[in-house]
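Reading the structure
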Amino acid sequence: MEILIIGGGVGGLTLALSLHSVGIACRVFEAAPEIRPLGVGINLLPHGMRELTELGLQDRLAKLAVATRELCFYNRFGQLIFSEPRGHYAGYDWPQLSIHRGDVHAVLLAAARERIGAERIVLGHECVALEQDSAGVTARFENGASARGAAAIGADGVNSAVRKILHPEEGPPAYQGINMWRGVTRMKPYLTGASMLIAGWLEVGKMVVYPIRDAIDAEGRQLVNWVAEIQSPRNVMQDWNLAGRLEDFYPTFESWRFYGIDIAAMLRNADQILEYPMVDRDPLPFWTQGRITLLGDAAHPMYPRGSNGAGQGILDARALAGCLRRERDVAAALRHYQAARLNPAYDVVLMNRANPPDAILREVHQRTGDRPFARIEDVIGRDELEALSENYKRVAGFEREALRKRASLV
Ligand SMILES: Cc1cc2nc3c(=O)[nH]c(=O)nc-3n(C[C@H](O)[C@H](O)[C@H](O)COP(=O)(O)OP(=O)(O)OC[C@H]3O[C@@H](n4cnc5c(N)ncnc54)[C@H](O)[C@@H]3O)c2cc1C
C-alpha cells in the first residue's frame with residue numbers, strides 16, 4: 001500500500017513522517033519546483049510539539065527556535081491587561097516554540113528525506129486531477145505525469161486543488177474585513193527575551209510580536225516576528241509572499257512604545273514586509289470521499305488568531321496515520337479519520353472567528369471605550385481573563401492536564 005500526499009507543507013511532511021513511523025509507504029508531491037524558506041514566524045504550541053516530539057524532532061526544532069516563556073496582553077496605550085506563562089514555563093511536558101516557518105519546514109523536509117528517501121519527496125508536481133476506483137487513486141499532474149496509490153491526501157494548503165475536486169461548488173476563501181502586514185526585524189531582546197506580546201484591538205490597530213531566532217549576530221540581537229492587523233475593506237489576494245508597504249499601516253502604530261520596544265522603529269527597520277488578508281473558509285460537510293481526504297489548511301483554513309494553523313494540521317496528520325495503522329481498509333480508515341478530526345478542527349475555526357485568545361483585547365477595548373484604565377481589576381477580573389484563555393486551550397486541544405493524559409494519536 002502506498003499513500004499519495006498532495007502538498008509538501010508542514011501538514012503533508014508531518015503525515016509522511018508519521019506514516020513512515022508506522023510502516024506505511026508514501027510519496028509526497030509538491031507543486032513548487034524548489035523548496036525555499038518561505039513565510040515568517042509561527043508558533044508551535046504544546047499539542048503540536050507533543051506530536052513533533054513523538055517524531056523525534058523536538059531537539060532539532062528547539063535549536064532553531066525561541067522557547068516562549070510568556071504571553072502578555074496590552075492595550076494600545078501599553079498598559080498590561082494579562083500575562084500567563086507558556087509551554088514548559090506553564091508546567092507543560094512540551095515547550096511552546098516561536099519559530100520561522102521556513103525553519104519548521106526545513107527540519108521536516110530534512111527528516112523526511114533522511115527517513116523516507118529523497119526520491120519520495122517529488123518536487124515540481126502540481127496536482128490537477130484525481131480519479132478513483134475500487135482499487136486505488138490516480139493523481140494527475142500539471143506536467144503530464146501521473147501516480148497511482150491506495151489513497152490520496154490533499155495537504156495542499158488554503159487554495160487546495162484537492163478540496164476543489166471534492167467540493168467544486170465552493171467559492172474562494174472568505175475575507176471578513178481584517179488585513180495583516182507581517183514582517184521580521186533584527187533587534188535587541190525585549191522583556192524576558194522570550195515574551196510574546198499581543199496589543200491593541202482590530203478597530204484601532206492590533207499588533208502581535210514575538211522573537212523567533214536567538215543570538216543572530218555578535219550584538220546578541222534576535223530575529224523578531226511581528227504582525228500588524230487592522231480592520232479594513234482592503235481585500236488583497238491570498239498570497240503568502242505578497243510584498244507589503246510600510247506606509248499602508250505605519251501611521252496606525254507610529255506612536256506605540258512598549259516596555260523596551262520601540263514599535264515604530266521595529267516596523268521601520270523590518271527586513272521584509274508581507275501583506276495578506278485574514279481569510280478562512282466555512283466548515284465543509286465532509287473531507288473524505290472514498291480514497292481521498294483533506295488535511296491541514298486544505299481541510300480547515302482558519303484565522304491566525306490562536307497560533308493553531310500549523311498545530312491543527314499536525315494533529316490531523318498524526319490522527320490519519322493512526323487510523324491507517326489500525327484499519328487496513330483504506331476507505332474505512334479515511335472515514336475514521338474524518339470522524340475523529342472534522343468536528344474538533346472546525347470548533348477551532350469557529351472559535352477563531354468568535355472568541356480566540358485575543359478576545360481579551362476586544363473585551364477591554366469595548367469596556368473602556370478605547371481609553372486608558374486606572375486599574376485593570378475594575379475593567380475585567382482575573383477569573384474572567386483566565387477563563388477566556390483556558391476555554392480556548394480546551395477547544396484547541398492543549399489544556400495542560402488533558403494533553404498530558406491523552407493517548408498517542410498514532
Ligand atoms: C509559502 C507559505 C508561507 C507561509 N507563511 C506563514 C507564516 O508566515 N505564518 C503562518 O502562521 N503561516 C504561514 N503559512 C501557513 C502555515 O504554514 C500553514 O497554515 C500550516 O502550516 C498548515 O500547513 P499545510 O501543510 O496544511 O499547508 P501549507 O503549509 O500551506 O502547505 C501546502 C503545500 O501544498 C503545496 N501545494 C499547493 N497546491 C498544490 C497542488 N495542486 N499540488 C501539489 N502541491 C500543492 C504548496 O506549495 C505548499 O507547499 C505559510 C504557508 C505557505 C505555503
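An account of the accompanying structure is given in this report.

The rules we used
- Residues numbered from 1 in each chain as written.
- Predicted model: local features only at pLDDT ≥ 70, side-chain atom pairs only at ≥ 80, totals over all residues.
- Helix = DSSP H or I, 4+ residues; strand = E, 2+ residues; numbered from the N terminus.
- Rg over C-alpha atoms; globule rule 2.2 N^0.38 Å.
- Buried ≥ 20, exposed ≤ 12 C-beta atoms within 10 Å, placed from the backbone.
- Contact = placed C-beta atoms within 7 Å.
- Axes fitted to C-alpha atoms, helices over the stretch in contact; angles between N-to-C directions.
- Parallel < 35°, antiparallel > 145°, perpendicular 65-115°, else oblique.
- Left-handed = near helix turned anticlockwise from the far one by under 90°.
- Nonpolar A, V, L, I, M, F, W, Y, C, P; charged D, E, K, R; others polar.
- Pairing = 2+ DSSP bridges.
- Near = placed C-beta within 6 Å.

1. Re the overall build of the protein chain
Secondary structure summary: the protein chain contains 12 helices and 20 strands in total. Over its C-alpha atoms the protein chain spans a radius of gyration of 21 Å, differing by no more than 12% from the 22 Å that the globule rule assigns to 410 residues. With the C-alpha coordinates aligned to their principal axes, the bounding extent of the protein chain is approximately 70 × 45 × 40 Å. Taking all 410 residues of the protein chain together, the buried fraction comes to 49%. Of all intrachain contacts in the protein chain linking residues separated by at least 6 positions in sequence, the fraction that spans at least 24 positions is 74%.

2. As for the packing of helix α2 (residues 46–54) against helix α8 (residues 309–326)
Across the interface, α2 lies against α8 with an axial gap of 8 Å and an inter-helix angle of 40°. Classified by the angle between their axes, α2 and α8 sit oblique to one another. Considering how the two elements wind past one another, α2 and α8 form a crossing that is left-handed. Every residue of α8 that contacts α2 at His47, Gly48, Glu51 and Leu52 is listed here: Ala310, Gly311, Ile314, Leu315 and Arg318. Here the residues of the contact of α2 with α8 are counted per class, giving 4 nonpolar, 3 polar and 2 charged.

3. What about the sheet that holds strand β20 (residues 292–294)?
The sheet built from 5 strands is open, its strands ordered β8-β2-β1-β12-β20 with parallel pairing. If you trace the sheet from one side to the other, it starts and ends with β8 (121–122) and β20, each paired once. Relative to strand β12 (residues 151–154), strand β1 (residues 2–6) runs parallel, the two being bridged by 4 bridges. Across the sheet, residue Ile5 finds its bridge partner in β12, namely Ile153.

4. Some points on the site of the ligand
Contacts to the ligand come from 30 residues, most closely from Gly7, Gly9, Gly39, Gly157 and Gly296. The set of elements that each furnish at least two residues to the shell around the ligand consists of α1 (10–21) and α8. In terms of residue class, the shell around the ligand is built from 15 nonpolar, 10 polar and 5 charged.

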